Amino acid sequence: MAFAQLPEVEAAAVPADGFLLDVRENDEWAAGHVEGALHVPMSEIVARFGELTEVVADGRRVHVVCRVGGRSAQVAQYLMAQGLDAVNVGGGMLAWHAAGRPMVSEGGQPASVL
């Protein structure tokens, strides 16, 4: 699979009000995520596709993120094939954290990227 035509945006360039889809696993999400993001692990994307389309029914862009960008690139490609406006967040949550973008965790500990 080639991702040459896959649109990608840097973490620092994701709009503050942009819609973020986090496709990491539950433990990764719990350690640190973007407040307001929709969490759907990659393995559940097909089964929960209807839930996603309800959220983006207004046609807004889906910014897909994982840890470094590999899983999210695959999911973004799938979403584009389904007709959604999707873009991969280059560098994933590691780039998000490095850019100083806000993150929260579950359980009150400082947010981190697993």
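Residue numbers run consecutively from 1 along every chain, following the written order of its sequence. Confidence filtering applies because this is a predicted model: local features only for residues at pLDDT of at least 70, side-chain atom pairs given and counted only at 80 or more, and all residues used for totals across whole chains, interfaces and linings. Only hydrogens and water are set aside; all other atoms, that is, all heavy atoms of the structure, feed into the side-chain values.

Participant: Could you give an account of the pattern of salt bridges, with specific residues and numbers?
Facilitator: Salt bridge, as used here: a side-chain nitrogen of Lys or Arg that lies within 4 Å of a carboxyl oxygen of Asp or Glu. Within the structure shown, the criterion is met by six salt bridges. When the shortest N-O distance is used, the salt bridge between arginine 24 and aspartate 22 registers 2.8 Å. On the basis of relative accessible area, arginine 24 is assigned to the buried category, the value being 0%. For arginine 60, the salt bridge is made with aspartate 58, and the minimal N-O distance between the two is 3.5 Å. Taking relative accessible area as the criterion, arginine 60 reaches 34% and is therefore assigned partly exposed. Several salt bridges converge on common partners, so that one network encompasses Glu44, Arg48 and Glu51. Residue burial is assigned from relative accessible area. The probe radius is 1.4 Å, only protein chains are included, and a residue is buried under 20% of its type maximum, exposed over 50%, and partly exposed in between.

Participant: Quick one: what's the story with the packing of aromatic side chains, residue by residue and with numbers?
Facilitator: Each pair of aromatic rings taken from Phe, Tyr and Trp, with Trp reduced to its six-membered ring, is defined by centres within 6.5 Å and is described as stacked if the planes are under 30 degrees apart, edge-to-face if over 60, and tilted in the remaining cases. Under the definition given, this model contains one aromatic pair. Each ring, one from phenylalanine 49 and one from tyrosine 78, has its centre 6.0 Å from the other, and the planes form 80°; the classification is edge-to-face. On the criterion of sequence distance, the pair formed by phenylalanine 49 in helix 2 (residues 49–55) and tyrosine 78 in helix 3 (residues 70–81) is long-range, its members being 29 residues apart. Only when the NZ of Lys or the CZ of Arg is both within 6 Å of the ring centre and within 35 degrees of the ring normal is a charge said to sit over the ring. Sitting above the plane of the tryptophan 96 ring, arginine 101 keeps its charged end 4.3 Å from the centroid. Counting from the N terminus, the helices are DSSP H or I runs at least four residues long and the strands are E runs at least two residues long.

Participant: So what's going on with the nonpolar core? Residues and values would help.
Facilitator: Buried residues of nine kinds, namely Ala, Val, Leu, Ile, Met, Phe, Trp, Tyr and Cys, make up a nonpolar core once their side-chain atoms join them within 4.5 Å. Core analysis: the largest hydrophobic core is formed by 19 residues, its most contacted members being Leu21, Val62, Val64 and Leu79. Contributions of two or more residues to this core are made by strand 2 (19–22), helix 2, strand 4 (62–65) and helix 3. The element contributing the most residues to this core is helix 3, with four residues. Residue contacts are defined here by distance: any two heavy atoms, one from each residue, within 4.5 Å place the two residues in contact. Apart from residues lying up to four places away in sequence, leucine 79 is in contact with Leu21, Phe49, Leu52, Val62, Val64, Leu84 and Ala86. Judged by nonpolar contacts, the second largest core, of 14 residues, contains Ala11, Val65, Val87 and Val113.

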